[in-house]
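Listed below are the residues making up each chain.
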Amino acid sequence: TDARAVQLPEKVRRRIHAVRRGRGSMKLRLGGILKRLGYEVVRAVALELHGLHNITRLEMGGNDIGPSGMVVVAEALATLTRLQYLDLFGNGIGSRGAKALASALERLPCLEELHLSNNGVGPAGALALASAARKASAQAPVVSDASRQAATPLPVKAPGWLASR
């Protein structure tokens, strides 16, 4: 099935359209509204996410998207380079989905907060996420204060999603 041909629920279409048009904040709240709509709808939403480059907050918790859904969502997440907050709790992504997410996390330099409870990521998924955390920490940029006209490194903390909560 062509994901672009899938009819998104009106509530989802309105929210995506508002973010696309830049109305209000750059937050997309899809928590719980994709539940039981199936893989094709999740895939269609993932395709829509590709064009939302300015989004800073994405809430997709409680949708039970599963491992296959997480794989397609992770591909889209990797393009959201300004994303600061990501809520994916209660999606049953399993180890396969966690590995896909880990790959995407490596390309999200602004991410400060990540919620992944109740996903059954398992040991292999947890290792993939831990590896992504190490890579993100190692790639933390060194920032210079241009006002001092010197390359004095300023302290840059590791991405916030690395912190245990």
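Before reading further, recall that the structure is shown in the block above.
Quick look at the structure, then. Treat the numbers as computed from the prediction; the structure is a model and nothing was measured.

Before going further, it helps to examine the packing of helix H2 (residues 39–49) against helix H3 (residues 66–77). Look at H2 against H3: their axes get within 8 Å of each other, and the N-to-C directions meet at 10 degrees. Considered as vectors, H2 and H3 are oriented roughly parallel to each other. Counted together, Tyr-39, Val-42, Arg-43, Ala-46 and Leu-49 of H2 and Ser-68, Gly-69, Val-72, Val-73 and Ala-76 of H3 form the full contact between these two elements. Of the residues that constitute the contact of H2 with H3, the class distribution is seven nonpolar, two polar and one charged.

For the rest of this paragraph, the subject is unusual backbone geometry. Residues other than glycine seldom take positive phi values, yet Asp-64 does so here, at roughly 50 degrees. Positionally, Asp-64 belongs in the loop between strand S2 (57–59) and H3. For Asp-64, a relative accessible area of 47% corresponds to the partly exposed category.

Glancing now at the nonpolar core. Residues Leu-28, Leu-58, Met-70, Leu-77, Leu-83, Leu-86 and Leu-101 are the most contacted members of the largest nonpolar core, which totals 45 residues. Of all the secondary-structure elements, those providing two or more residues to this core are helix H1 (10–20), H2, H3, helix H4 (94–105) and helix H5 (122–138). In this structure Leu-77 touches Leu-58, Met-70, Leu-83, Leu-86, Leu-88, Leu-101, Ala-104 and Leu-108, once residues within four positions along its chain are discounted.

Along H2, the residues that are buried comprise Val-41, Val-42, Ala-44, Val-45, Ala-46 and Leu-49. Lining the buried residues of H2 we find H1, strand S1 (27–29), S2 and H3.

Moving on, we get to the sheet that holds strand S3 (residues 85–87). Within the open sheet, the four strands sit side by side as S1-S2-S3-S4. Their pairing is parallel. Looking at the sheet topology across the chains shown, the edges are occupied by S1 and strand S4 (113–115). Between one strand axis and the next, the sheet turns through 5 degrees on average, direction left out of account. Across three bridges, the pairing between S1 and S2 is parallel. Residue pairing across strands places Lys-27 opposite Arg-57, the latter belonging to S2.

About the criteria used
- Residues numbered from 1 in each chain as written.
- Predicted model: local features only at pLDDT ≥ 70, side-chain atom pairs only at ≥ 80, totals over all residues.
- Heavy atoms only, no water.
- Axes fitted to C-alpha atoms, helices over the stretch in contact; angles between N-to-C directions.
- Helix = DSSP H or I, 4+ residues; strand = E, 2+ residues; numbered from the N terminus.
- Parallel < 35°, antiparallel > 145°, perpendicular 65-115°, else oblique.
- Contact = heavy atoms within 4.5 Å.
- Nonpolar A, V, L, I, M, F, W, Y, C, P; charged D, E, K, R; others polar.
- Buried < 20%, exposed > 50% of the residue type's maximum accessible area, 1.4 Å probe, protein only.
- Core = buried A, V, L, I, M, F, W, Y, C linked by side-chain atoms within 4.5 Å.
- Pairing = 2+ DSSP bridges.

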